[in-house]
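Here are the chains, one letter per residue:
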Amino acid sequence: MVDYHAANNQSSTGGVQTYMEQENDWDRDLLLDPAWEKQQRKTFTAWCNSHLRKAGTQIDNIEEDFRDGLKLMLLLEVISGERLPKPERGKMRVHKINNVNKALDFIASKGVKLVSIGAEEIVDGNAKMTLGMIWTIILRFAIQDISVEETSAKEGLLLWCQRKTAPYKNVNVQNFHISWKDGLAFNALIHRHRPDLIDYDSLRKDDPVTNLNNAFEVAEKHLDIPKMLDAEDIVGTLRPDEKAIMTYVSCFYHAFSGAQKAETAANRICKVLAVNQENEQMMEDYEKLASDLLEWIRRTIPWLENRTQEKTVNDMQAKQEDFRDYRCVHKPPKVQEKCQLEISFNTLQTKLRLSSRPAFMPSEGRMVSDINGAWHTLEGAEKGYEEWILSEIRRLERLEHLAEKFHQKAAIHESWTDGKEAMLTQKDYETSTLSEVKALLKKHEAFESDLAAHQDRVEQIAAIAQELNELDYYDSASVNTRCQKICDQWDVLGALTQSRKESLERTEKQLESIDELYLEYAKRAAPFNNWMEGAMEDLQDMFIVHNIEEIQGLITAHEQFKSTLPEANKEREAIQAIQAEVQKIAQSNGIKLSGANPYTTITPESIDNKWEKAMQMVPQRDSALQEELNKQNSNDTLRAKFATQANAVGAYIQAKMEEIGRISIEMNGTLEDQLTSLKDYQDTIISYQPEINTLEGDHQLIQEALIFDNQYTSYTMEHLRVGWEQLLTTIARTINEVENQILTRDAKGISQEQLFEYRASFNHFDKDHSGALQAEEFKACLISLGYDVENDKQKRSGQMVSDDFRALLISTGNSLGDTEFARIMSIVDPNGSGAVTFQAFIDYMSRETTDTDTADQVIASFKILAADKNFITADELRRELPPDQAEYCIARMAPYTGPDAAPGALDYMSFSTALYGESDL
C-alpha cells in the first residue's frame with residue numbers, strides 16, 4: 001500500500017486546521033441536490049474500494065455497508081497504516097454504534113473536528129451524514145497533506161493542477177467544478193506525467209464526453225486509479241460536485257507523486273550499486289594482480305634455489321650473466337607491480353571506509369602481508385643464489401688450478417720414472433769389475449737419494465688428487481686413475497730399489513777402487529740437480545691472488561729466490577770443477593775414461609742446460625708477477641671507484657628517507673599543493689636513477705674482474721638496491737596517503753581548514769614522529785579537538801595545545817570514560833595494535849562529522865519501489881533501475897520466504913544489509 005501521509009499521527013495546525021474546520025461545516029442543502037449526491041456516491045464509493053481492495057474486500061452501497069462499523073474501521077486501518085481497537089462482532093445495534101464510535105474517535109484523534117455527525121446516524125444509514133463522514137476522511141488522509149509552495153490542502157492541490165496544466169491549450173484550472181467539465185484538464189494531467197498514454201493533440205474541446213472517458217479509462221488501466229465518475233454525470237450537470245472532483249484529482253496527485261518517489265529511490269539505489277560495482281572491480285583487479293605476482297614469485301624461487309653444479313668457470317659465468325639479466329630486466333617491473341598492488345589495496349580500503357562498506361579481505365594467501373612475505377623469501381633466494389654463484393666460480397677456479405697443477409707434477413714425475421724399472425732390473429753387476437760394481441753401488445746410493453727427493457713430489461700429487469676429490473672435481477675419475485698408477489709404480493720402484501741394493505751389497509766386498517771424485521760429483525750433483533728441478537717447477541707454478549698484498553708476497557718470495565742464485569751458481573761451478581778435476585787426474589795419470597760418470601746420470605752438460613733454462617725462466621717469472629701486480633692495482637682502482645659512488649648513493653638514499661619522514665609531518669598548503677609537491681619530489685628522486693645505473697655498471701665490472709671484497713666501503717650493491725626500492729616505495733606510499741586524504745575530504749565534505757586542524761593536532765601529539773599515535777596520545781588529541789569522549793559528543797571549547805589542558809578537563813569533571821574510549825579505539829584500531837595512524841584518525845573524524853548512506857535508507861528506497869511490499873520482483877527491478885544494475889540485484893538477491901511471498905519474490909532487506917557488511921550476500 002502506498003503511504004500517502006508521512007505524519008498521520010500529528011495534528012494539523014495553522015491554515016490547514018482552519019481549512020479543515022471550514023470544510024467540516026457540512027452543507028446539508030447541497031447534499032440534497034440529486035446530481036451532486038449521485039456524483040459523490042460514485043466517487044466516494046470508488047475511492048473507498050481503491051483502499052479496501054488492499055484488504056481483500058469492497059463496498060457496494062456506501063450508506064448500508066458502513067452501518068455495522070466493521071468496514072469503516074478496516075478502511076481507516078488501511079489508509080492510516082495504524083491498528084484500531086478491536087471491533088465488536090455482535091449484530092445488535094449497540095455493537096454497531098460502538099464500532100462506529102471507535103472509528104469516529106480515531107478520526108477525531110487525528111485533529112479532525114466532526115460537525116453534526118454521530119454514530120447513530122451512520123448506523124441508521126443516513127446517506128448525507130455518511131457521505132459527509134467519508135468526505136471528512138478523504139480531506140484528512142488524501143488532501144490535507146498536499147503542500148505546494150507553503151500552501152496546503154485544497155489550495156495546494158489547486159496550485160499543483162494549475163502548474164502541471166499551464167502549458168496546455170484550452171486548459172484553465174481555476175476551481176474543482178466547471179474547470180474540469182470538458183475533460184481536457186484530466187487528459188493534460190496524465191499527458192504531463194505519462195505522455196506515452198495520451199495523444200493530447202487529437203483531443204477536441206467540443207467533445208467533453210470522449211475526453212472524460214479517455215482520461216478515466218487510461219487512468220484506470222495504466223495508473224491504477226479506479227473510475228470514480230461517469231462522463232455523462234459531469235457533462236450533464238451545470239456545476240459538477242466539487243468534492244467528487246477534488247477526490248478524483250487527489251488520486252492523480254498521489255499516483256504521480258509516488259512515481260517521483262520511485263524515481264528518487266531508484267537513483268539512490270543506482271548510486272549505491274555503482275559504488276559497490278566499482279569496489280568489486282577493484283577487488284577483482286587486486287586479486288588478479290596479486291595472483292600473477294605470487295605466481296611469478298612461485299616460478300622464480302625454484303630457479304633461484306637450483307644448485308646444479310657446472311663443470312667449468314665459463315658455464316658458471318653464463319649462469320651469472322643470466323642472473324644479472326634477471327636483476328636488471330625481469331625484476332624491476334615486478335617491483336613496480338608490488339608497489340602498485342599496495343597502493344591499490346590502500347585506495348580500495350579507503351573507498352570502502354568512505355562508503356561505509358566492510359573492509360576488503362583478499363583471498364587466503366593474497367594479503368599484502370602474504371605478498372611481502374613471498375617477496376622477502378624471493379629476495380632471500382636471490383641473495384643465496386648470488387652467493388652460491390660466486391662461491392662456485394671460486395671453487396671451479398680452484399679446481400682448474402689444482403687439476404692443471406696435478407697434471408703438470410704428474411707429467412714431471414712420469415718423465416722422471418721413465419726407464420727406472422728397466423735400470424733397476426738389469427744384471428750388469430754380474431759381469432762388471434770390482435771397480436765397476438763399487439761404482440754401481442755408489443750410483444745406486446745416489447739413485448736412492450734421488451728417489452727420496454722425489455718422495456715429496458709423489459706425496460704432493462696424492463694430496464692434490466685428494467683435494468680434487470673433496471672439491472667434487474668433475475673429472476675425478478681420470479685423476480684418481482693416474483694418481484693410482486703413479487703410486488703403484490712408486491711402490492714397485494721402492495721394491496726394485498731395495499732388491500738391487502741388496503744385490504750390489506753382496507758384491508761390495510769384491511769391489512774396490514771407487515773414484516772419490518766421481519762419488520763426490522754424484523753426491524753434490526744429485527741434490528743440486530733436484531734443487532734446479534724444484535726451482536724450475538716453482539718458476540713455472542701457476543698462482544691465483546685476490547689482492548695487492550698477496551701478489552706482493554709472491555714478488556717478495558721471488559726476490560728472495562733470486563738472492564740465492566749467486567750461491568747456487570758457486571755450487572754449480574764447484575760441481576763442474578770436480579768433473580774438471582777428474583779429467584785433469586785422468587790426463588795426468590794416463591787413465592782412459594770409459595765415458596759417463598759411473599755414479600750418476602747427471603752430466604755437466606745437463607746441469608748447465610738446466611741452469612741456463614732456469615735463468616731464462618727468472619725474467620719470465622718477473623714479467624708474470626708484474627702483470628699480476630698491474631691487474632691487482634687495476635682491481636684496487638675499481639674498488640675505490642665503486643666505493644666512492646656507493647658511499648654517495650648510500651648517503652643520498654639515507655638523506656632522502658629522512659627528508660620524506662620530515663615532509664610527511666611538516667607539509668603545508670592545500671592537499672592538492674602537497675600532492676603536487678610530493679610528486680615533484682618523487683620526480684626528483686626518480687631523476688637520480690642514472691646514478692644507480694652507473695653504480696650497477698661499476699658493480700658489473702667488479703664482478704667480471706672477480707673482485708670479492710672491498711675495504712673502501714661498507715655498502716654492498718644488494719644493500720643499495722634494497723635501500724633504493726624502499727625509497728621509491730616510501731615516497732609512493734606518502735603520495736597515496738595524501739590522495740586518500742583528498743578522497744576522504746571530497747567524499748565527506750571536510751573543509752581544508754578542518755584537515756589542517758586535524759593534521760596539526762595529530763602532529764602535536766606524535767612526539768616521536770612515528771606517524772602514529774599511541775592510545776594515550778590519541779585520547780589527548782581528541783580532547784584537544786574538543787571531544788568529550790565519555791559522553792560521545794563533540795564539545796568545541798577552543799584550541800588545546802598541550803597535555804596540561806587534558807588534566808584541567810579531568811579536574812573539572814570532563815573525564816575520559818574507559819568504556820567509551822575503548823569503543824572509539826575499536827573503530828580506529830580494529831587490529832588492537834595500540835597505535836592509531838593518521839588515515840584512521842581522519843576516517844574517524846570524518847565519520848563523526850558527516851553523514852553517509854545507510855542500510856536502512858537503502859531498504860526504505862527498495863520499499864518504495866516495491867509499492868510498500870516486504871519483497872520486490874524482477875519485473876519491478878527491471879522497470880525502475882538501469883539494466884545492468886537491475887540484473888546485478890536480481891543475481892544477488894535471495895528468494896523472499898515470508899508468509900506474504902509471491903512467485904518470484906526477492907528479499908531486498910537482506911541484500912541491503914549485506915551491502916554494508918551487516919550480513920552475508
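Below, the structure is looked at part by part. Everything numeric in this text was worked out from a predicted model, so none of it was measured.

1. Regarding the overall build of the chain
Piece 1. The helix and strand inventory of the chain stands at 35 helices and eight strands.
Piece 2. Sequence-distant contacts in the chain: of pairs separated by 6 or more residues, those separated by 24 or more amount to 75%.
Piece 3. For the chain, the accessible surface area stands at approximately 45300 Å², while carbon and sulfur atoms represent 50% of it.

2. Section: the nonpolar core
Piece 1. Ranked by internal contacts, the top residues of the largest apolar core, which has 77 residues, are W47, I137, W180, F186 and F252.
Piece 2. The biggest single contributor to this core is helix 8 (residues 127-143), with eleven residues.
Piece 3. Core analysis: the second largest hydrophobic core is formed by 46 residues, Y758, F821, I824 and V828 among them.

3. A few points about the side chain of Q39
Piece 1. Along the chain, Q39 turns up in helix 3 (residues 34-52).
Piece 2. With residues up to four places along the chain from it excluded, the contact list for Q39 reads L229, D233, T237, P240, D241 and A244.

4. Digging into the packing of helix 5 (residues 70-80) against helix 6 (residues 93-109)
Piece 1. At a closest axis distance of 8 Å, the pairing of helix 5 and helix 6 adopts a crossing angle of 25 degrees. For the element pair helix 5 / helix 6, the angle class is roughly parallel. In this structure, the crossing between helix 5 and helix 6 has a hand that is left-handed. For the pair helix 5 and helix 6, contact is made by L70, L72, M73, L76 and S80 and by N99, V100, K102, A103, F106 and I107, respectively.

5. Here's the deal with the pattern of salt bridges
Side chains that carry opposite charge are capable of pairing whenever their charged atoms lie near each other.
Piece 1. By the definition in use, this model includes 51 salt bridges.
Piece 2. Put simply, R53 and D224 hold a salt bridge, and the shortest N to O gap is 2.7 Å. Of this pair, R53 sits in the loop between helix 3 and helix 4 (62-65) while D224 sits in the loop between helix 11 (208-222) and helix 12 (231-235), placing them 171 residues apart in sequence.
Piece 3. In this structure D224 comes out as exposed when scored by relative accessible area, which is 54%.
Piece 4. The shortest N-O distance in the salt bridge between R298 and E295 comes to 2.3 Å. Of this pair, R298 and E295 both sit in helix 13 (residues 242-305), three residues apart, roughly one helical turn.
Piece 5. Several salt bridges share partner residues, and in doing so they unite R327, K331, E379, E382, E386, E696, E718, R721 and E725 into one network.

6. Quick look at unusual backbone geometry
Piece 1. Phi at D224 is positive, roughly 60 degrees, even though this residue is not glycine.
Piece 2. Look at S356: it is not a glycine, yet its phi comes out positive at around 60 degrees.
Piece 3. Tracing the sequence through the fold places S356 in the loop between helix 14 (313-354) and helix 15 (368-417).

7. Focus on the packing of helix 5 against helix 8
Piece 1. With their axes 11 Å apart at the nearest point, helix 5 and helix 8 run at an angle of 10 degrees to one another. In this view, helix 5 runs roughly parallel relative to helix 8, as classed from their interaxial angle. Of the residues in helix 8, those touching helix 5 at L72, L76, I79 and S80 are M133, I137 and F141.
Piece 2. For the contact of helix 5 with helix 8, the class distribution of residues is six nonpolar, one polar and no charged.

Definitions and limits used
Residues numbered from 1 in each chain as written. Predicted model: local features only at pLDDT ≥ 70, side-chain atom pairs only at ≥ 80, totals over all residues. Heavy atoms only, no water. Helix = DSSP H or I, 4+ residues; strand = E, 2+ residues; numbered from the N terminus. Contact = heavy atoms within 4.5 Å. Areas by Shrake-Rupley, 256 points an atom, 1.4 Å probe, with all protein chains shown as cover. Core = buried A, V, L, I, M, F, W, Y, C linked by side-chain atoms within 4.5 Å. Buried < 20%, exposed > 50% of the residue type's maximum accessible area, 1.4 Å probe, protein only. Axes fitted to C-alpha atoms, helices over the stretch in contact; angles between N-to-C directions. Parallel < 35°, antiparallel > 145°, perpendicular 65-115°, else oblique. Left-handed = near helix turned anticlockwise from the far one by under 90°. Salt bridge = Lys/Arg side-chain N within 4 Å of Asp/Glu carboxyl O. Nonpolar A, V, L, I, M, F, W, Y, C, P; charged D, E, K, R; others polar.

Function-wise, these values are silent; they only describe arrangement.
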